[in-house]
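Here's the letter readout for the chains.
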Amino acid sequence: MPLRPLAAITALLLGGCAAQMQPVADFGAAASHLATAYEPFASGMGSSCEQRERYVAIGNPGPFDAAAAQRGAEDRCRPLKEAGATAALFGQALGDYATALARVSRAKATAFDSDLRELSGAAGRLATRDGTALFDSSKLSAAGKIARAAAAMVTEEKLQVLTRATLEDNQEALRVVVEAMKTYADKVYAGQLADTHDIMAGELGRLVLASSAPTQADVESRLPWRFAQTVTRADIAANELEARRVRAFGRSADALVAAHAGLVANFDKIGGARRLELVSAFVAQVQAINDDAAAL
């Protein structure tokens, strides 16, 4: 066998010897962390709806049964829970793609490396999912595309060398997936959180009025309303924290798409490079999600 073909095959089989791509590893780990940050948004849709319905029931006249109120809330919010299940698959597809890129980069990420996990298998579940008004068939197709790309990269991890073509082929699908996630977070989930916040704020106002004790003799009868304020204020604070995470996610989502495009545009320079400006900006945006939440 001639020397050149033999050398080429040997280089392919020894994929671990390929040049490390640090910016790709950093992008993958940060994108995986962003997908993890998005996970509560999917389950939170139904939970926030149920919380809103419970607070409405508490403030309504007539007999009140907490267990019955919870059952009623679950029934009315079931469609939103189902929408959240589809939304979750988009985050899982993004996480799979991000993890696969980090693996084939042959480098250890400088941040969020511990967030890299096994693939979720989103590709198979997306293939059997029907479209919705928000996540239509074209968006499901895009999510399936990046999930399948992730599975292919990981399956051939020891042989595959990342190419510009792989990134370029998935750029548009990634953009569609991230935009769908952003729309769900910024418009649908944020709107649900705002509705719930308004209801809880109104109930807190009622509790404050009911807590007023004109004399010392009235204080004891007002204690239930005073203690109830603590629970409601905690619920409001948690709602506001989630709303801040949603806003931070939107900013990071834009930075993710730009960073991936930067990997494509600068592919010839990233072998052995320590950083890429757009990737570093994206990593900083993802870190801001944690910092912003911790500041509340």
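Residues numbered from 1 in each chain as written. Predicted model: local features only at pLDDT ≥ 70, side-chain atom pairs only at ≥ 80, totals over all residues. Heavy atoms only, no water.

## Describing the state of the cysteines
Simply put, the disulfide is a covalent bond whose two ends are the sulfur atoms of two cysteines. Formally: Note that a disulfide, as used here, is simply two cysteine sulfur atoms within 2.5 Å. Segments assigned H or I by DSSP are reported as helices when at least four residues long, segments assigned E as strands when at least two residues long, and all are numbered from the N terminus. Each residue is placed in one exposure class: buried if its accessible area under a 1.4 Å probe, protein chains only, is under 20% of its type's maximum, exposed if it is over 50%, and partly exposed if it falls in between.
Applying the stated criterion to the full structure yields one disulfide. Cys49 shares a disulfide with Cys77; S-S distance 2.0 Å. Looking along the S-S bond of the Cys49-Cys77 disulfide, the torsion reads about -80°, which is the left-handed sense. With a gap of 28 residues between them, Cys49 in helix 2 (residues 22-59) and Cys77 in helix 3 (residues 66-104) connect regions that are remote in the sequence. Like Cys49, the residue Cys77 is buried in the burial classification.

## A closer look at the packing of aromatic side chains
Applied cut-off: In this scheme Phe, Tyr and Trp rings, the latter by its six-membered ring, pair at centre separations within 6.5 Å, and the angle between planes marks the pair as stacked below 30 degrees, edge-to-face above 60, and tilted otherwise.
The final tally for this structure, using the stated rule, is eight aromatic pairs. Relative to Tyr189, the ring of Phe41 has its centre 5.5 Å away and its plane inclined at 40°; by these criteria the two rings are tilted. Linking Phe41 in helix 2 with Tyr189 in helix 6 (residues 164-210), this pair joins segments that are 148 residues apart in sequence. Of the residues examined, Tyr189 reaches a relative accessible area of 3% and is grouped as buried. Grouped by ring-pair contacts, the aromatic residues Tyr38, Phe41, Phe90, Phe135, Tyr184, Tyr189 and Phe249 constitute a single cluster.

## Considering the environment of Lys139
For clarity, the cut-off: The criterion used for residue contact is that any of the two residues' heavy atoms lie within 4.5 Å.
Note on placement: Lys139 falls in helix 5 (residues 137-155). Considering only alpha carbons, one finds Lys139 and Val177, 38 residues apart in sequence, at a separation of 6.3 Å. With sequence-adjacent residues up to four places away left out, Lys139 is seen in contact with Phe90, Leu134, Val176 and Ala180.

## Details of the packing of helix 2 against helix 7 (residues 216-265)
Using the following cut-off: Between the N-to-C directions of two axes lies an angle of 0 to 180 degrees, each axis being a line fitted to C-alpha atoms and, for a helix, fitted only over the stretch in contact. A clockwise turn of the near helix away from the far one marks a right-handed crossing, whereas an anticlockwise turn of less than a right angle marks a left-handed crossing. By the convention adopted, Pro, Cys, Tyr, Trp, Phe, Met, Ile, Leu, Val and Ala count as nonpolar, Lys, Arg, Asp and Glu as charged, and the other residues, Gly among them, as polar.
Contact pair helix 2 / helix 7: the axes reach a minimum separation of 9 Å and the direction vectors enclose 145°. Crossing hand, helix 2 versus helix 7: left-handed. Taken together, the residues of the contact of helix 2 with helix 7 break down into 16 nonpolar, four polar and three charged.

## Looking at the nonpolar core
This is how it is decided: Here the nonpolar core consists of buried residues drawn from Ala, Val, Leu, Ile, Met, Phe, Trp, Tyr and Cys, with membership extended through side-chain atoms lying within 4.5 Å.
One finds Phe27, Tyr97, Leu162, Leu256 and Phe282 to be the most contacted residues of the largest nonpolar core, which totals 69 residues. Of all elements in the fold, only helix 2, helix 3, helix 4 (122-127), helix 5, helix 6, helix 7 and helix 8 (277-295) reach the threshold of two or more residues within this core. Not counting chain neighbours up to four residues away, the residues in contact with Tyr97 comprise Ile146, Ala149, Ala150, Met153, Thr166, Leu167, Asn170, Leu174 and His260.

## Considerations on the pattern of salt bridges
Applicable threshold: Should a side-chain nitrogen of Lys or Arg be within 4 Å of a carboxyl oxygen of Asp or Glu, the pair is scored as a salt bridge.
Across all of its chains, the model carries 14 salt bridges by this definition. As a salt-bridge pair, Arg117 and Glu39 come within 3.4 Å of each other at their nearest N and O atoms. Of this pair, Arg117 sits in the loop between helix 3 and helix 4 while Glu39 sits in helix 2; the two residues are 78 residues apart in sequence, bridging distant segments of the chain. Here Arg117 falls in the partly exposed class, since its relative accessible area comes to 43%.

## Topic: unusual backbone geometry
At Arg106, a residue that is not glycine, the phi angle is positive and equals roughly 65°. Take Arg106: it is sitting in the loop between helix 3 and helix 4. A relative accessible area of 15% means that Arg106 is categorised as buried.

## Quick notes on helix 5
Threshold: Here, expected helix span is obtained from the residue count minus one, scaled by 1.5 Å.
Taking 1.5 Å of rise per residue, 19 residues should cover 27 Å, and helix 5 covers 26 Å from first to last C-alpha, within 8% of that figure. Along helix 5, the residues that are buried comprise Leu140, Ala142, Ala143, Gly144, Ile146, Ala147, Ala149, Ala150, Met153 and Val154.

## Remarks on the environment of Gly271
In this structure, Gly271 sits in the loop between helix 7 and helix 8. For the pair Gly271 and Met21, spaced 250 residues apart in sequence, the C-alpha to C-alpha distance is 4.9 Å. Ignoring anything within four residues of it in the chain, the contact list for Gly271 reads Gln20 and Met21.

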